[in-house]
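# Summary of structural features
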Amino acid sequence: MARLYAAMIVARMPIGIDGIATVLFLRHEGKSFAVAGAAAGALALGSALGAPFAARLIDRLSARVLIWLAVGHAAGLVAVVGLAVAGAPSLLLPVAFLAGATLPTVSSVLRNAYATLLADQTALIPSAFALEAVITESIFVVGPLTTAALTWLFSAAAALLLSAVIVVVGTAWFVAELPPAIADRRIERAPDRHWAGALRAPGLQTIVIAMLPVGFSFCAIEVMLPAFADSEGNRQFAGVLIAIWSIGSALGGILYGARPRLLPLRTMHLWAAALVPVGMALLAVANSQLQMCFLVVVAGLPIAPLIATRNELAGVLALPGSETEAFTWPLTALVSGVALGAAGAGALADGPGWRAAVLSAVAASTIGALISVARRATLRPAEPALT
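These notes cover the structure that comes with them. Since we're looking at a predicted model, the values are computed, not measured. (Residues numbered from 1 in each chain as written. Predicted model: local features only at pLDDT ≥ 70, side-chain atom pairs only at ≥ 80, totals over all residues. Heavy atoms only, no water.)

### Observations regarding the overall build of the chain
The helix and strand tally for the chain stands at 16 helices and zero strands. Relative to the compact-globule value of 21 Å for 387 residues, the chain shows a C-alpha radius of gyration of 20 Å, a close match. Overall size of the chain, expressed as C-alpha extent along the three principal axes, is 70 × 50 × 35 Å. When burial is assessed residue by residue, the chain has 51% of its 387 residues classed as buried. When contacts within the chain are restricted to residue pairs at least 6 apart in sequence, those whose partners lie at least 24 apart make up 83%. Split by element, the accessible area of the chain, about 16900 Å² in all, is 71% carbon and sulfur. Side chains of the chain give 22 positive and 18 negative charges; the mean places of these two sets differ by 4 Å. (Helix = DSSP H or I, 4+ residues; strand = E, 2+ residues; numbered from the N terminus. Rg over C-alpha atoms; globule rule 2.2 N^0.38 Å. Buried < 20%, exposed > 50% of the residue type's maximum accessible area, 1.4 Å probe, protein only. Contact = heavy atoms within 4.5 Å. Areas by Shrake-Rupley, 256 points an atom, 1.4 Å probe, with all protein chains shown as cover. Lys, Arg positive; Asp, Glu negative; His and termini not counted. Charge placed at Lys NZ, Arg CZ, Asp CG, Glu CD.)

Quick look at the structure:
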């Protein structure tokens, strides 16, 4: 497990590098913030929309497809660098989208493998999901710091090229560490396979619908924190606040995963969903940078448990033969919500102020929690038929 997690960290490091490195690189090449932001957005959108379809390939052809996806992602990043240097901005967006769409869905494969890898210690499965959520938060801290260091020492292009190399190395390492029974496992395509795939499961539909507004709320907080720092006359402090928020989430994941689950999975998920807007609401009372530092830790605490229980539920509720794809849809919904929240929260921060952005985050995450509660019956696994 330790080697699999280590390989996953290397393979997934691009999620913490690609976006910010793309913006910094394109700005260095003289492109506008609009072009740079659009290219970074295309990368994110491609990864969100492409993940379920990449997962379908993995379900049908085996996890070894991950290596070819990694090669495609690396080629896309190199192409982005080449196109920018060659002065061909018209191709940047479609190439960036394709690069995002081929990002290997390593985490989905690992989540699907937990039941096999931990078959003799099933009590550790919730901890495995929690640890993965903590690792993801750490990637969003280490990735931007790595990008900043390489940009300072060399250039932002070096960060993109490093991402291209490590995604191939990390993915190949990950596949090599998988037991052959998992790496070569494939699902025979049923003749009645529906175009909706994993989304036919009502419980997964609930998770996806609920995660859209939650994604909006996460983006609203990411926009709000720089606006707060700017209002305090310390714009550079925004990055520190976002990092502290991630640390709060990681701490919540550790606290959740370090001990046996005290409540049923569905109940834990509903409690985490309910606590997210509560934690965000506390941010509105901050009157100083020191207060905000403390409050963002509190606001971050329920995030990793929410993501961990969401991912575990996705696997439990998945239809047979669509497990890997099922693990990708919640993230697709989350990233789609983030994309929707960027413009709305920015307009609120520019207009009424940063507290208005906080309130929008609270409202959105409350809607997500209410959807989960209203459709909680779908979050219960179907009982096997008696024979």
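From this point, things continue past the structure.
### Some thoughts on the nonpolar core
Counting residues in hydrophobic clusters, the biggest one holds 113 residues, and the most contacted among them are Leu-66, Phe-174, Met-224, Leu-283 and Met-292. If one sorts the elements of this core by residue count, helix H10 (residues 202-231) sits on top with twelve residues. Leave out the neighbours within four places in its chain, and Met-224 touches Leu-283, Met-292, Trp-354, Ala-357 and Val-358. (Core = buried A, V, L, I, M, F, W, Y, C linked by side-chain atoms within 4.5 Å.)

### What about unusual backbone geometry?
Positive phi, normally seen in glycine, also occurs at Ser-62, with a value near 100 degrees. Overall, the relative accessible area of 4% leaves Ser-62 in the buried class.

### Points about the environment of Ile-15
Inspection of the secondary structure puts Ile-15 in helix H2 (residues 14-28). A relative accessible area of 24% means that Ile-15 is categorised as partly exposed. Between the C-alpha atom of Ile-15 and that of Gly-30, which follows or precedes it by 15 residues, the distance is 24 Å. Apart from residues lying up to four places away in sequence, Ile-15 is in contact with Leu-103, Thr-136, Ile-139 and Phe-140.

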